[in-house]
Amino acid sequence: MAAPSVFLLAVSGEIESGEFPGFDDLYCKFSFVYGQDWVPTAGLEEGISQITSKSSVSPTTLVWNFPIDITFKSTNPFGWPQIVLSVYGPDFFGHDVVRGYGAVHVPFVPGRHKRTIAMFVPESTSRLQQLTSWFTGRRPEFTDPRVVARGEGREVTRVRSQGFVTVSFNVMTKDLHKLGYDVGQGPQGLHQA
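Residues numbered from 1 in each chain as written. Predicted model: local features only at pLDDT ≥ 70, side-chain atom pairs only at ≥ 80, totals over all residues. Heavy atoms only, no water.

## Some remarks on the nonpolar core
Judged by nonpolar contacts, the single largest core of 29 residues is most densely connected at Ile 15, Trp 64, Leu 85, Val 165 and Phe 169. Mapped onto this core, the elements with two or more residues apiece are β1 (7-19), β2 (27-33), β5 (62-74), β6 (82-90), β8 (111-122) and β9 (159-174). A total of six residues in this core trace back to one element, the largest contributor, which is β5. Ranked by size, the runner-up nonpolar core spans eleven residues in total, among them Val 33, Tyr 101, Val 121 and Ala 149. (Core = buried A, V, L, I, M, F, W, Y, C linked by side-chain atoms within 4.5 Å. Buried < 20%, exposed > 50% of the residue type's maximum accessible area, 1.4 Å probe, protein only. Helix = DSSP H or I, 4+ residues; strand = E, 2+ residues; numbered from the N terminus.)

## Section: the environment of Arg 146
Among the secondary structure elements, Arg 146 is positioned in the loop between α1 (127-136) and β9. The spatial distance from the C-alpha of Arg 146 to the C-alpha of Ala 103 is 8.7 Å, given a sequence separation of 43 residues.

## Concerning unusual backbone geometry
Its identity is not glycine, yet Asp 25 carries a phi of approximately 55 degrees, on the positive side. Here Asp 25 is to be found in the loop between β1 and β2. A positive phi angle, close to 50 degrees, is found at Asn 65, a residue other than glycine. Here Asn 65 shows up in strand β5. Owing to a relative accessible area of 42%, Asn 65 belongs among the partly exposed residues under this scheme.

## Remarks on the packing of aromatic side chains
If you walk through the whole model with that rule in mind, you get twelve aromatic pairs. Judged by centre distance (5.3 Å) and plane angle (80 degrees), the rings of Trp 38 and Trp 80 are edge-to-face. Here Trp 38, found in the loop between β2 and β3 (39-43), pairs with Trp 80, found in the loop between β5 and β6; they are 42 residues apart in sequence, far enough to count as distant. When its relative accessible area of 3% is taken as the criterion, Trp 38 is described as buried. Trp 80 gets classed as buried once you look at its relative accessible area, which sits at 5%. Among the aromatic residues, those joined into a ring-pair cluster are Phe 7, Phe 30, Phe 32, Tyr 34, Trp 38, Phe 66, Phe 72, Trp 80, Phe 108 and Tyr 181. Here the basic side chain of Lys 29 rests over the ring of Tyr 88, its NZ or CZ set 4.9 Å away from the ring centre. (Phe/Tyr/Trp six-rings, centres within 6.5 Å; stacked < 30°, edge-to-face > 60°. Lys NZ or Arg CZ within 6 Å of the ring centre and 35° of its normal.)

Here you go:
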């Protein structure tokens, strides 16, 4: 039997919930960002959730429980996939504005993982721009949210922390060890081949 030339990474899970104090009726967009050697073979690379509202049972949490499911193949781990999240909701005038951006790498170790992602929003650089954007309903936002997962140009971006999103991942790999990559121990202390 010939040695494998690619490995597979299967990711499922869900965008579980978010906490955005002072905001309600929010929805979430996601997309995966990955290196040039990675190819999606099944599943969705991007999606948009339903609008959710806070409940009387959990007045601080917005629950989406929005599923994610994608499989990649690659020849090397450089450019390991990241999930980029963008949360939107209405402002005072009813316009959809960004309420947070965030990104996290898909976990390297097979098993079930939960990540809480700190979200942020871009800020205007001057008081005049802040006032103008409030009146026009056009707040600063990225034209391509995937810039969040890349380093280029981020050092000059002014941002403010705003909220958290919790994502759960179920990660499976195939032939990663056969290609010479060791990602360590699985969640139960078993070596995953």
